[in-house]
Amino acid sequence: MESAFGSSSIARAPAARATRLFYRRIGWLFLIGAAHGWLLWCFDILRFYALWALLLPLFVRMGLRRLLGIALFTIVVAPALISGLRRWLGASDDSEAAFNALALTNFSRGNYSEVLAANWKYDWFLTLSISQIGYQLGIAGRLLLGLYAARALDLGNLERHRAMLVRCLVAGAIVGIAGNAVVAGHLLAGGEGFWLPVARKLLVESGYLGFTLAYAAGARVVVHERAVDSRGARARPARPDGS
């Protein structure tokens, strides 16, 4: 999450060099994601990260509190509101079930041309679905959260943030387990109206975000501890017997 595939670059480096580096990175990211998404697996997320990343320079100079608020809103609240709107409008899950069956059949037993055709059909179905709006906003929000971290934290000095990272790891894991328990247990599923689907989606998206933060914080803590151990090993004087 430090760079969000380039957000650290535009936050830290000189403007002209950072812009070139940033767009070169997201260009490659889009090409890799597009090839994977269109030729193998339509659920690839990299191409969407690349497309939304085009908007990141617009937020580089935004106030940190406002940036964090927009990020959290688009990650958690907006998908929940769209989920409630989708249920309130009476959108059916029948089409999704049909496409799931089509994909399962072709991906498990079809040749490559059949897999490719099913992949494209599913990709187009996802593109036109209402739920895709919330999904895409969630991607944009995660990029903004990465930009916030790159600007607000001294990511080159992890010792300064170690206590915060540990708290983030623990809290994120707790929220992540709770939110994903809602998914695994099918809790509040099938709710009608507007607010019950909103409440369920808030819990689910909070869980996803919690695990994302726990993973990012945990990875940073592990990297930091290994770096400290490595520096300690190099600084430790050798014993007379050579051990």
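Quick caveat: nothing in here was measured; it's all calculated off a predicted structure.

About the criteria used
- Residues numbered from 1 in each chain as written.
- Predicted model: local features only at pLDDT ≥ 70, side-chain atom pairs only at ≥ 80, totals over all residues.
- Heavy atoms only, no water.
- Patch = residues over 30% accessible without salt bridge, like charges linked within 9 Å, V, L, I, M, F, W, Y side chains within 5 Å.
- Areas by Shrake-Rupley, 256 points an atom, 1.4 Å probe, with all protein chains shown as cover.
- Salt bridge = Lys/Arg side-chain N within 4 Å of Asp/Glu carboxyl O.
- Helix = DSSP H or I, 4+ residues; strand = E, 2+ residues; numbered from the N terminus.
- Buried < 20%, exposed > 50% of the residue type's maximum accessible area, 1.4 Å probe, protein only.
- Lys, Arg positive; Asp, Glu negative; His and termini not counted.
- Charge placed at Lys NZ, Arg CZ, Asp CG, Glu CD.
- Bend = angle between axes of the 7 residues up to and from the residue.
- Phe/Tyr/Trp six-rings, centres within 6.5 Å; stacked < 30°, edge-to-face > 60°.
- Contact = heavy atoms within 4.5 Å.
- pLDDT = per-residue confidence, 0-100.
- Axes fitted to C-alpha atoms, helices over the stretch in contact; angles between N-to-C directions.
- Parallel < 35°, antiparallel > 145°, perpendicular 65-115°, else oblique.
- Left-handed = near helix turned anticlockwise from the far one by under 90°.
- Core = buried A, V, L, I, M, F, W, Y, C linked by side-chain atoms within 4.5 Å.

Peer 1: So, a nonpolar patch on the surface: which residues are in play, and what are the values?
Peer 2: Among the surface-exposed residues, Trp38, Leu39, Leu40, Trp41, Phe43, Phe107, Tyr112 and Trp120 lie close enough to one another that they form a single nonpolar patch of about 820 Å² accessible area. Put simply, the parts of the chain that give the nonpolar patch at least two residues each are α2 (15–39) and α6 (112–128). For Trp41, the location among the structural elements is in the loop between α2 and α3 (46–53). The exposure class assigned to Trp41 is partly exposed, which follows from its relative accessible area of 38%.

Peer 1: Before we move on, can you summarise a positive patch on the surface with the specific residues and values?
Peer 2: On the surface, a cluster of positive charge is made up of Arg17, Arg20, Arg24 and Arg25. Inspection of the secondary structure assignment puts Arg24 in helix α2.

Peer 1: Go over helix α8 (residues 158–184), please, and point to the residues and values.
Peer 2: Its axis deflected by about 35 degrees at Met164, α8 carries its strongest bend there. Looking at α8, one finds that the buried residues are Leu158, His161, Leu165, Gly172, Gly176, Gly179 and Val182. Positive phi appears at His186, one or two residues downstream of α8, with a value of about 55 degrees.

Peer 1: So, the packing of aromatic side chains: which residues are in play, and what are the values?
Peer 2: Across all of its chains, the model carries 10 aromatic pairs by this definition. Taking 5.0 Å as the distance between ring centres and 40 degrees as the angle between the ring planes, the aromatic pair formed by Trp41 and Phe43 counts as tilted. Pairing Phe99 with Tyr122 gives two aromatic rings, centres 5.9 Å apart and planes at 45 degrees, and the pair type is tilted. Here Phe99 is found in helix α5 (residues 94–109), whereas its partner Tyr122 is found in helix α6, with 23 residues between them in sequence. Classification of Tyr122 as buried rests on a relative accessible area of 5%. The structure contains a cluster of three or more aromatic residues connected by ring pairs, namely Trp41, Phe43, Phe99, Phe107, Tyr122 and Phe125.

Peer 1: Break down the side chain of Asn106 for me, with residues and values.
Peer 2: In this fold, Asn106 is placed in helix α5. Look at Asn106 and you get buried, because its relative accessible area is 14%. In this structure, Asn106 is in contact with Glu114, Val115 and Ala118, ignoring residues within four places of it in sequence.

Peer 1: So what about the confidence of the model for the protein chain? Which residues, and what values?
Peer 2: Chain-level statistics for the protein chain give a pLDDT mean of 84 and a share of 84% at 70 or above. Of all secondary-structure elements in the protein chain, the lowest mean pLDDT belongs to helix α1 (residues 7–12), at 51, while helix α4 (residues 64–88) reaches the highest, 95. Every residue in residues 1–6 is under pLDDT 50, and counting partners more than four places away or in other chains gives 18 contacts.

Peer 1: Describe the packing of α3 against helix α7 (residues 131–152), and please don't skip the residues or the numbers.
Peer 2: Remark: α3 packs on α7, axes separated minimally by 9 Å, with the N-to-C direction vectors making an angle of 65 degrees. By the angle class used here, α3 and α7 are roughly perpendicular. Every pair of crossing elements has a handedness; the one defined by α3 and α7 is right-handed. Contacts between α3 and α7 involve Phe48, Tyr49, Trp52 and Ala53 from the first element and Gln132, Tyr135, Gln136, Ile139, Ala140, Arg142 and Leu143 from the second.

Peer 1: Lay out the nonpolar core with the relevant residues and their values.
Peer 2: Residues Ala53, Leu56, Phe59, Leu67 and Leu144 are the most contacted members of the largest nonpolar core, which totals 15 residues. When contributions to this core are tallied by element, the ones reaching two or more residues are α2, α4 and α7. Residues within four places of Leu144 in sequence aside, it is in contact with Leu56, Phe59, Leu67, Ile70 and Ala71. Among the nonpolar cores identified, the runner-up in size contains 5 residues, and Cys42, Ala103, Tyr122 and Phe125 belong to it.

Peer 1: Explain the side chain of His161 to me, using residue names and the numbers behind them.
Peer 2: Assignment of secondary structure puts His161 in helix α8. Ignoring any residue separated from it by four or fewer positions in sequence, one finds His161 in contact with Leu153 and Asp154.

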